[in-house]
Amino acid sequence: EAQVTQNPRYLITVTGKKLTVTCSQNMNHEYMSWYRQDPGLGLRQIYYSMNVEVTDKGDVPEGYKVSRKEKRNFPLILESPSPNQTSLYFCASSSVSGEGNIQYFGAGTRLSVL
Amino acid sequence: AQRVTQPEKLLSVFKGAPVELKCNYSYSGSPELFWYVQYSRQRLQLLLRHISRESIKGFTADLNKGETSFHLKKPFAQEEDSAMYYCALSGHSGGSNYKLTFGKGTLLTVNP
């Protein structure tokens, strides 16, 4: 089954404790992206990647890092989480050819930073 | 810069009534427009896009380049249509133009 898988689904942590949210897709998509969803603000892009070893900042990259060492994986790293990073995070992927920019989303990771 | 505006945060209608969710956009080139839907406790999923010009679950959306709008319509709303709806825009070329920019969403509630 074609899917985007995020782990963990729920995470509670404390300020300053490094964490990684994993994202994996099995559709051989070139494009992957991370968003955060906050009430009243919709979805805002954090980082995106056009392909392996190619990443770039989205609208709200501060406090986040990403890497794209393999095509299927695009982890989101919070080196020193702060309470303002409490949010619902979504990973998405899409193909850059053929069907156009239809993005497939993961189920989301709800992060609470205390 | 690309921008998507959904003027209504909340929209409430009765079952069987027509519904229209508004979306306006700003983009200097030729955009690709989408509607995504998020049902309660589920992931976002594509509802429809302007290129395919199809009707999904009774919803349609027409791209009006003159008014830079992509409103989502359904003639007879159903309770199962209650969800958060996001309008989104993408460019066609690679790099930053491929970014999908979302509006802030409209929460549709269909009352019995």
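Preceding this section is the structure that the text describes.
Just so it is clear, the structure is predicted and the values come from calculations on it, not from any experiment. (Residues numbered from 1 in each chain as written. Chains lettered and ligands numbered in written order. Predicted model: local features only at pLDDT ≥ 70, side-chain atom pairs only at ≥ 80, totals over all residues. Heavy atoms only, no water.)

Engineer: I'd like a description of the layout of surface pockets, backed by residues and values.
Structural biologist: Rolling a probe over the atoms, with the probe sized like a water molecule, indicates the empty space that remains. The computed volume of the largest pocket comes to approximately 700 Å³. What lines the largest pocket is a set of 30 residues, among which Gln37(A), Leu88(A), Arg110(A), Gln38(B) and Arg41(B) lie closest to the centre. Looking at the lining of the largest pocket, the elements that each hand over two or more residues are strand E4 (31-38), strand E9 (87-94) and strand E11 (109-113) of chain A together with strand E9 (83-90) of chain B. Approximately 380 Å³ is the volume attributed to the second largest pocket. Lining the second largest pocket are 23 residues, and of these Asp59(A), Gln2(B), Arg3(B), Lys99(B) and Thr101(B) sit closest to its centre. Top contributing element to the lining of the second largest pocket by residue count: strand E5 (residues 42-51) of chain A, with four residues. Split into classes, the residues belonging to the lining of the second largest pocket amount to nine nonpolar, eight polar and six charged. (1 Å grid on protein atoms, 1.4 Å probe; cavity = no way out; pocket = protein on both sides within 12 Å on 5 of 7 lines; lining within 4 Å. Points joined across faces, edges and corners; volume = space filled by probe spheres on them. Helix = DSSP H or I, 4+ residues; strand = E, 2+ residues; numbered from the N terminus. Nonpolar A, V, L, I, M, F, W, Y, C, P; charged D, E, K, R; others polar.)

Engineer: Describe the side chain of Gln6(A), naming the residues involved and giving the relevant values.
Structural biologist: Residues and elements named next belong to chain A. Within the fold, Gln 6 resides in strand E1 (residues 4-7). Classification of Gln 6 by relative accessible area gives buried; the value is 4%. From its side chain, Gln 6 meets the backbone nitrogen of Gly 108 in a polar contact 3.2 Å long. The residues contacting Gln 6, other than those within four sequence positions of it, are Thr 22, Trp 34, Tyr 89, Phe 90, Cys 91, Gly 106, Ala 107, Gly 108 and Thr 109. (Buried < 20%, exposed > 50% of the residue type's maximum accessible area, 1.4 Å probe, protein only. Polar contact = N/O pair within 3.5 Å; in protein donor to acceptor, adjacent residues only side chain to side chain. Contact = heavy atoms within 4.5 Å.)

Engineer: Pulling in residues and values, what's your account of the environment of Ile46(A)?
Structural biologist: Residues and elements named next belong to chain A. With respect to the helices and strands, the residue Ile 46 is situated in strand E5. Owing to a relative accessible area of 0%, Ile 46 belongs among the buried residues under this scheme. Between the C-alpha atoms of Ile 46 and Phe 90, which are 44 residues apart in sequence, the distance is 9.9 Å. Every residue in contact with Ile 46, bar those within four places of it in the chain, is listed here: Trp 34, Tyr 35, Arg 36, Lys 57, Gly 58, Asp 59, Val 60, Pro 61, Tyr 64, Leu 76 and Tyr 89.

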